[in-house]
Amino acid sequence: MEVKEKSKKRELIKTIAIIFLVVLLLLTFFSQTIMNRSLPEVATQMATSGTINAKIRGSGTVAANESYEVNINQTREVRSVCVKVGDRVEVGDLLFVLGDIESQELKTAQEALDNARLSYQKRVLELSKTYASEDQNVKIIREDLEEAYAKRDANYVADEQVSYAKGELASAKSVLNQIEFALKELNAFQTDSEEYAEAKARVTELEGKITSLESAIEGYEKEIAGYQQQLNENGGSNDTAAAVNEAQKAVNDARSKWANDYAANSSVYQALLAHVVEYYQGRNEYIPPLSDSSSISVDAFMQQDSYVRTYLANSAPSGPSQGGGDDEEPKALSRASITEESRVYTLLYGDQQAIETAVKALDKAQQAAGSANNTAWSQERAIRDKIAAAQSSLNAAQGDLASVRSDLRAAQSDLNEASNANAQLKEQIRNTEAEQRQQEAAITNLESALAELQEKQTTYKEALETVSTKERELENALSGKDIDKQLNNLDLQTMSLEIQKYEQEVEKYRKESVDTEITSPVAGLITAINVNAGKETTPDAAMATIDVVDRGYTIKIPVTNEQAKNVKVGDTAEVTNYYWGGDLTATLEQIASDPSSAGQKKLLIFRITGEIEAGTNISLSIGQRSAPMNTIVPKSALREDSNGKFVFVITSKSTPLGNRYTATRVDVQVLGEDDTSVAVSGLSQNDYVITTSSKPLDAGSQVRMVENP
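Residues numbered from 1 in each chain as written. Predicted model: local features only at pLDDT ≥ 70, side-chain atom pairs only at ≥ 80, totals over all residues. Heavy atoms only, no water.

Outline the overall build of the protein chain, listing residues and values.
A count of helical and extended segments in the protein chain gives twelve helices and 24 strands. Looking at the protein chain as a whole, 35% of its 709 residues are labelled buried. Restricting the contact set of the protein chain to residue pairs at least 6 apart, pairs at least 24 apart contribute 78%. Taken as a whole, the protein chain presents about 41800 Å² of accessible surface, with 49% of it coming from carbon and sulfur. (Helix = DSSP H or I, 4+ residues; strand = E, 2+ residues; numbered from the N terminus. Buried < 20%, exposed > 50% of the residue type's maximum accessible area, 1.4 Å probe, protein only. Contact = heavy atoms within 4.5 Å. Areas by Shrake-Rupley, 256 points an atom, 1.4 Å probe, with all protein chains shown as cover.)

Encoded structure:
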C-alpha cells in the first residue's frame, strides 16, 4: 500500500515536470514569434560590381570672374549716389557726385603758398617804393605790378568754388536724367496700352481709306466733267432728246404712282389675292400662283386679271351671294370688304395700264429719236450712259466716304477715351514735364555760373602770369652794383624760391585729388554700394563693386579625387535648379586642388554663360566617363547623417530557434552615381544592404526579412 502511494507520487511529479517543460517550450516559441512580429520589416539587395553611367552632383554660388572696386584715397563728402545695386553701367557712366571738401594736406599747402606770396608782394612793394624816386623804370614796373595785383585779386576764384559748381551741375544733370526716365516710363505706360494701340491703328486705317476715297471722288468728278464737255461739243437733237426725256419722266411717274398706291393698299390687295385663291379652291379649280409683290410686271399683273375679275364679279353686292340668295352676303366677307377690295383692284389696274401706256410712248419716242438722228443720239446716249455710270460710282464713293468719316469720328472718340483713361496719369505726366522744364532751366543757370567762374579763373591765371613777369622785371630792375640793391634782390629771390616750393606742393596735391564726378571705369553690373549720400568716404575703401559681365561667371564644386578622375576639362554640366532666366551653360574650365581638404578633394571650376547674376546659388550635374566599379548598391540604400554617408548591412546569427538578423552600419564614400544606383567604397561584394524599412532603423537594431509572397 505504501509502495503504491510512492509510485503515484513519482508519476505525479513526472507529469508535472513534463507539463512544465512543454509550457516552457511553448512560451519560448511564442515569445520569439511575438518579438519577430514587432521587429522592423526590411527589404535587402546584394551589392554588386559593374559599370554605371555615373553623375557628379553639386551646388555652389556663382561668382564673377572679375570684379572692380571703385575707391578714392581721400576723405570726401558724397553728395549724390547716381546708381543702385543691379544697374548695368557702361564706361563713363556717372556713379557718384562728391562734395567740394579738399584734403587737409592741400589746404595746408595752399595756405602756406598764399602766405609766401603775400610776404613776397609786401617786400617787393616796399623795395620798389624805396627805389622808385631814384629809378623811373622801377616806378613804371611797380605801377604795372600793382595793376596786375589788382586784376589778379579781382578775379580770384578758389578751386573749391569751381568744384562745388561742377558738383551742383552734375547733380542737377543726374536729377534731370531721372526725371526724363520717369517721363519716358509714364508716356510708355500711357501709349503702350492695348486699347490705345488698337484705337490708334483703327484711326490710321480709316484716315488712309478717307484719303483713298477722296482721291477716287476727285477722279469721278473730273471724269463726269469731261463727259459733260463732250456732250456740249457733240450737240445732238434737242427736240428728240426732250421728247425721250419727257416720255421717260412719264414712265417714272406712272411707276411711282403704282408704288405709292401699292404701298398704301398692299394689305387689302394681298387679302384680295388670298380670297381669290380660296374662291377657286372652294370650286376645286386650279389656278397658277398669284403674285402680291410690289415689283410685279405689267404682263404678269394682266395675266392674273381674269381670275381676280371672275372672283369680284361673283362676290360683288349686286351679284349672286355665296349662300345662293340674291340678298344674302358672302358668309366669309362683308359687303364693305368686297367693295374695298374692288376699289383697290380698280385703282391698281389703272396704275398698271398707265405704266403700259407710258412705256409704249417711251418706245415710240425713242424710235422717233433714233430715226431722226440715230448716229448723234447713239453717241449722246453712250456718253450719258458713261455719265450715269460715273455718277453711280461717285455716289457710291461719297456714300462710302460719309460712312468712313462716321467710323473715323467713332475711332477718334475711342482713341481720346483710351488716351484720357487715366486722368491722374496725365496730370502726373504734366507735372513731370513741368519738373523737367524747371530742371533744364536750373541746369542752364548752373552752366552759366560755372562758365563765369571758369572765365574768371582763366583771367586770374593770366593775371598771375603777368604778376610773375612783372615781379621778375622788378627783381632785375632792383639788382645793380649797389650792395644794398644786391642784398635786397637776393632776399626777393629767396622768397621767390620758397613760393615755387609751395606751388609744387599744391600742384602735387591737386593732381592726387579726384573730381567731383566719379564715373565708371568699366562696363558691368553694380553688385554693391558701400556709401550713402551725405556721408564721407573712407580712403582706399570700396565705394562700389562692379562685376565685369563680359569676363563671365564661375562656380566651384568640391568632389572626391576619384570623381575628379572621371571628368575632363571641356565637359558640359547640366544646370538642374535655375528657372528664372534664359538657358545657362556650365563648362568645366579647370580641375584644381581643394585647399580646405588637405589634398583629399578636388574643385571642379565651371564657366557659366547666360543670363545670371553673381551670388545666385545653382546646382549642377555632370556625367562622368563610364568606369568599372567594384561595389554598386541601389540609391535607396544610401543614407546620410552628420557623420557622413553610410548604409545598413544585414548580418545574421544562428540560434536554436532560428536566424537572427541585425542592421549593421557601414560608413561609405560615394564614388559615382546615376539615376538609380550609386558606386561606393567601404563595402564588400555580396554584402546585403537594406533598401527599405517599415520603421526607422538604428545601428545594431534587430530586423526581420520581408517574407516571400
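An account of the sheet that holds strand β8 (residues 94–98) is requested, with residue identities and associated values reported.
Overall, antiparallel pairing links the three strands, which are arranged β6-β8-β9 in an open sheet. Each edge of the open sheet carries a strand with a single partner, namely β6 (78–81) and β9 (517–519). On average, each strand axis in the sheet is inclined to that of its neighbour by 25°, with strand direction left out of account. Examined bridge by bridge, β6 and β8 share three bridges and lie antiparallel to one another. Counterpart to Val78 in the pairing with β8 is Leu98. (Pairing = 2+ DSSP bridges. Axes fitted to C-alpha atoms, helices over the stretch in contact; angles between N-to-C directions.)

Tell me about the sheet that holds strand β7 (residues 88–89), residues and numbers included.
A sheet is described by the order of its strands in space; here four strands give the open sequence β5-β11-β10-β7, paired in antiparallel fashion. Strand pairing shows two members of the sheet lacking a second neighbour, β5 (67–70) and β7, which therefore form its edges. Note that β7 and strand β10 (residues 524–529) share two bridges and pair antiparallel. Residue pairing across strands places Val89 opposite Gly524, the latter belonging to β10.

So what's going on with the pairing of strand β22 (residues 677–681)? Residues and values would help.
When a strand is regular, its side chains alternate between the sheet's two faces. Within β22, four of the five residues are buried, which leaves the element mostly enclosed by the surrounding structure. Examined bridge by bridge, strand β21 (residues 669–673) and β22 share four bridges and lie antiparallel to one another. Bridge pairing in β22 places Gly672 opposite Ala679.

Pulling in residues and values, what's your account of the side chain of Thr554?
Within the fold, Thr554 resides in strand β12 (residues 553–560). For Thr554, a relative accessible area of 13% corresponds to the buried category. Filtering out sequence-adjacent residues up to four positions away, Thr554 remains in contact with Thr61, Val62, Ala63, Asn65, Glu589, Ile605, Phe606, Arg607 and Ile608.

So, unusual backbone geometry: which residues are in play, and what are the values?
You will see that Asn284, though not glycine, has its phi angle at about 60°, which is positive. By secondary structure assignment, the location of Asn284 is in the loop between α6 (238–282) and α7 (298–303).

Would you mind going over the pattern of salt bridges in detail, with residue names and values included?
As enumerated under the stated definition, the model contains 18 salt bridges in all. Between Lys568 and Asp571 there is a salt bridge, and its shortest N-O distance comes to 3.1 Å. The network of salt bridges with shared partners includes Arg202, Glu205 and Lys209. (Salt bridge = Lys/Arg side-chain N within 4 Å of Asp/Glu carboxyl O.)

I'd like a description of the pairing of β10, backed by residues and values.
In terms of strand pairing, β10 meets strand β11 (residues 544–547) through four bridges, oriented antiparallel. Bridging from a neighbouring strand, Ile529 pairs with Ala544 of β11.

Account for empty space enclosed by the protein, naming residues and giving values.
Per the stated rule, a full pass over the model turns up two cavities of 30 Å³ or more. Approximately 30 Å³ is the volume found for the second largest cavity. Around the second largest cavity, the lining residues are Ile56, Arg57, Gly58, Ile557, Ala573, Leu604, Phe606, Leu620, Ser621 and Ile622. Of all the elements in the fold, those that place two or more residues in the lining of the second largest cavity are β3 (55–61), β15 (601–609) and β16 (617–623). Classifying every residue of the lining of the second largest cavity by side-chain character gives seven nonpolar, two polar and one charged. (1 Å grid on protein atoms, 1.4 Å probe; cavity = no way out; pocket = protein on both sides within 12 Å on 5 of 7 lines; lining within 4 Å. Points joined across faces, edges and corners; volume = space filled by probe spheres on them. Nonpolar A, V, L, I, M, F, W, Y, C, P; charged D, E, K, R; others polar.)

Explain helix α8 (residues 305–315) to me, and be specific about the residues and the numbers.
Taken residue by residue, α8 has Asp305, Val308, Tyr311, Leu312 and Ser315 as its buried positions. Each buried residue of α8 sits inside an arc of 135° when the element is viewed along its axis, so together they form one side. (Arc of directions from axis to C-beta.)

Break down a nonpolar patch on the surface for me, citing the residues and quoting the values.
Nonpolar side chains collect at one region of the surface, where Phe20, Leu21 and Leu24 lie side by side and expose about 310 Å² of accessible area between them. For Leu24, the position within the fold is in helix α1 (residues 2–38). (Patch = residues over 30% accessible without salt bridge, like charges linked within 9 Å, V, L, I, M, F, W, Y side chains within 5 Å.)

Now, about the confidence of the model for the protein chain: what can you tell me, with residues and values included?
Mean pLDDT over the protein chain works out to 76, with 78% of the residues at or above the 70 mark. The element-level mean pLDDT for the protein chain is lowest in helix α11 (residues 483–512), coming to 65, with strand β18 (residues 639–641) highest at 89. Within the model, the stretch residues 318–331 combines pLDDT values under 50 with 17 contacts to residues more than four positions away or in other chains. (pLDDT = per-residue confidence, 0-100.)

Go over the environment of Ala699, please, and point to the residues and values.
Structurally, Ala699 is set in the loop between β23 (688–693) and β24 (702–705). Put simply, Ala699 and Phe648 are 51 residues apart on the chain and 7.5 Å apart in space, counted from C-alpha to C-alpha. The residues touching Ala699, leaving out its near neighbours within four places in the chain, are Phe648, Ala663 and Arg665.

Give a description of the nonpolar core that names residues and reports values.
Most often, soluble globular proteins have nonpolar side chains that are buried together. Tyr269, Leu272, Val276, Phe301 and Tyr345 are the most contacted members of the largest nonpolar core, which has 28 residues in total. Only α6, α7, α8 and α9 (335–419) provide two or more residues apiece to this core. The dominant element in this core, judged by the number of residues it contributes, is α6, at twelve residues. Ignoring anything within four residues of it in the chain, the contact list for Phe301 reads Trp258, Tyr269, Ile296, Tyr345, Leu348, Tyr349 and Gln352. In this structure, Leu525, Ile555, Tyr578 and Ile618 belong to the second largest nonpolar core, which totals 22 residues. (Core = buried A, V, L, I, M, F, W, Y, C linked by side-chain atoms within 4.5 Å.)

Go over the environment of Met629, please, and point to the residues and values.
Among the structural elements, Met629 can be located in strand β17 (residues 627–634). Each C-alpha atom of the pair Met629 and Leu671 lies 8.5 Å from the other, and the pair is 42 residues apart in sequence. Among residues more than four places away in sequence, those in contact with Met629 are Ser49, Gly50, Ile52, Asn566, Leu671 and Ala679.

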